[in-house]
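Structural characterization, general
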Amino acid sequence: MEDISKINKQRLPKHIAIIMDGNGRWAKQKGKLRVFGHKNGVKAVRDVVEGSAEIGVKVLTLYAFSTENWNRPKAEVDVLMNLLVSSLKKELKLLQDNNIRLQAIGNLEKLPKKAKRELEEVIQITKNNTHLVLNLAISYSAKEEIVNAFKKISKKIVNNELSIEEIDENIINNHLYTRNLPDVDLVIRTSGEKRISNFLLWQIAYAELYFTDLFWPDFRKTHLIQAILDYQQRERRFGKTSDQLKNNE
Ligand code: IPE
Ligand code: IPE
Ligand code: MG
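Definitions and limits used
- All residue numbers here refer to positions counted from 1 along the written sequence of the relevant chain.
- For this description, chains carry letters from A and ligands carry numbers from 1, given in the order in which they are written.
- Given that the model is predicted, a residue must reach a pLDDT of at least 70 before its local features are reported, and side-chain atom pairs must reach 80 or more before they are shown or counted; all residues, however, enter totals for whole chains, interfaces and linings.
- Think of the side-chain values as coming from all heavy atoms in the structure, minus any hydrogens and water.
- Classification of ring pairs uses Phe, Tyr and Trp, with its six-membered ring standing for Trp, and accepts pairs whose centres are within 6.5 Å; under 30 degrees between planes counts as stacked, over 60 as edge-to-face, and the remaining range as tilted.
- Burial here depends on accessible area, computed with a 1.4 Å probe over protein chains only, as a share of the maximum for the residue type. Under 20% is buried, over 50% is exposed, and the range in between is partly exposed.
- In DSSP terms, a helix is any run of H or I states spanning at least four residues, a strand is any run of E spanning at least two, and both are numbered starting from the N terminus.
- In this scheme, Lys NZ or Arg CZ marks a charge over a ring once it lies within 6 Å of the ring centre and within 35 degrees of the ring normal.
- Axis lines are fitted through C-alpha atoms, for helices just across the contact stretch, and the angle between N-to-C directions can take any value from 0 to 180 degrees.
- In this scheme, roughly parallel covers angles under 35 degrees and roughly antiparallel covers those over 145, while 65 to 115 is roughly perpendicular and the rest are oblique.
- Two residues qualify as a contact provided that any one of their heavy atoms is within 4.5 Å of a heavy atom in the partner residue.
- We call Asp, Glu, Lys and Arg charged. Ala, Val, Leu, Ile, Met, Phe, Trp, Tyr, Cys and Pro are nonpolar, and the rest, Gly among them, are polar.
- Distances are taken per atom, and a residue is near a molecule or strand as soon as one of its heavy atoms is within 4 Å of it.
- Polar contact is the term for a pair of N or O atoms within 3.5 Å; when the atoms are in protein, one must be able to donate a hydrogen and the other to accept it, and sequence-neighboring residues count only if both atoms are side-chain atoms.
- Accessibility throughout is a Shrake-Rupley quantity obtained with a 1.4 Å probe, and a residue counts as covered only by protein chains that appear here.
- Lining residues are those with an atom within 4 Å of a point, where the points come from a 1 Å grid over the protein atoms alone and group into cavities, where a 1.4 Å probe fits but cannot get out, or pockets, open sets with protein on both sides within 12 Å along at least five of seven lines.
- More than half of a molecule's atoms within 2 Å of the grid points is what it takes for that molecule to sit in a cavity or pocket.

**Some points on the packing of aromatic side chains**
Applying the stated criterion across every chain, the model contains eight aromatic pairs. A centroid spacing of 4.8 Å and a plane angle of 70° characterise the contact between Phe65 and Trp70, whose relative ring orientation is edge-to-face. Trp70 sits in the partly exposed class, given a relative accessible area of 22%. Seen from their ring centres, Tyr140 and Tyr177 are 6.1 Å apart, and the 70° between their planes marks the pair as edge-to-face. Here Tyr140 is found in strand β4 (residues 132–140), whereas its partner Tyr177 is found in the loop between α6 (169–173) and β5 (186–189), with 37 residues between them in sequence. In textbook terms, an aromatic cluster arises when at least three aromatic residues are bridged by ring pairs, as seen for Tyr63, Tyr140, Tyr177 and Phe199. Positioned above the aromatic ring of Phe36, the side-chain terminus of Lys32 is 5.0 Å from the ring centre.

Now the structure itself:
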């Protein structure tokens, strides 16, 4: 068990983004149906959200459902959507008790009405909470997010609200779903897969990547601490040399 006291509070990743993968394989390993894995994945979510609040992480983005996941069998998609609704209902108290603000990124128009309504309600109720932003990526595609940003920016140019010369990284940032959030410092992916799967492409430009073989339903706060400790061992050079960093150049 990793101990929270080992974490250097001065070097915390501000924004952690997690690709919660391996629910289906976790269930299969136990001779159960895939949906059993999804149900047990909720426990991991709860533990990691609580852990992030305790550690003092400012933003936690969880990849819950990709636009590509709409192509799964309808029965599985239905279970995932129902789980979203029931978890939001059940975990509202956890969010309030820990001063956590819920936010969502993705094409929420595609969600079943009930899920969208529940999500919007919890976002509204928690909107003044300040300790941690829990950002759920649902029906999310990074490429679609970038396409949408292009469209919004183009519209402003056509309407003479913006000139081409004014376009810079800041402008692009401000047209993404994550406009109010800092860039990602640490990406964690469970289940042994080493890919990004259309998750936050722009925002992870300089993130540290951490992969673990654990399936998502087995992931707990102690594993989050392990990932943060690993992150804190790394030297983020941002293109400079190690010597430059040591001399504070
Ligand atoms: C992650 O687990 C949850 C979602 C993508 C919704 P998977 O359902 O992808 O589980 P595996 O990868 O098939 O084991
Ligand atoms: C990525 O997992 C999406 C989520 C974790 C929600 P997938 O299991 O859908 O990713 P691929 O298809 O294996 O890349
Ligand atoms: Mg998967």
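**Things to note about unusual backbone geometry**
A positive phi angle is found at Asn198, which is not glycine, with a value near 65°. Mapped onto the secondary structure, Asn198 falls in the loop between β5 and β6 (208–211). Unusually for a residue other than glycine, Phe238 sits at a positive phi of about 45°. One can find Phe238 in the loop between α7 (221–232) and α8 (242–246). When its relative accessible area of 46% is taken as the criterion, Phe238 is described as partly exposed.

**Let's talk about the packing of helix α3 (residues 74–97) against helix α4 (residues 113–125)**
Packing of α3 against α4 leaves a shortest axis separation of 9 Å and a crossing angle of 10°. Between α3 and α4, the angle falls in the class roughly parallel. Facing α3, whose interface residues are Leu84, Val85, Leu88, Lys89, Leu92, Leu95 and Gln96, α4 presents Lys114, Ala115, Glu118, Leu119, Val122 and Ile125. Looking at side-chain class alone, the contact of α3 with α4 contains nine nonpolar, one polar and three charged residues.

**A few points about the site of ligand 1**
Looking at ligand 1, the residues that line it are Met20, Asp21, Gly22, Asn23, Gly24, Arg25, Arg34, His38, Ala64, Asn69, Arg72 and Leu80. The backbone of Gly24 places a nitrogen or oxygen atom 2.9 Å from an oxygen atom of ligand 1. Within the side chain of Arg34, a nitrogen or oxygen atom sits 2.8 Å from an oxygen atom of ligand 1. Alone, ligand 1 offers 380 Å² of accessible surface; in the complex the protein occludes 87% of this. Here ligand 1 is seated within the largest pocket. Put simply, the parts of the chain that give the shell around ligand 1 at least two residues each are α1 (23–29) and α2 (34–55). Here the residues of the shell around ligand 1 sort into three nonpolar, five polar and four charged.

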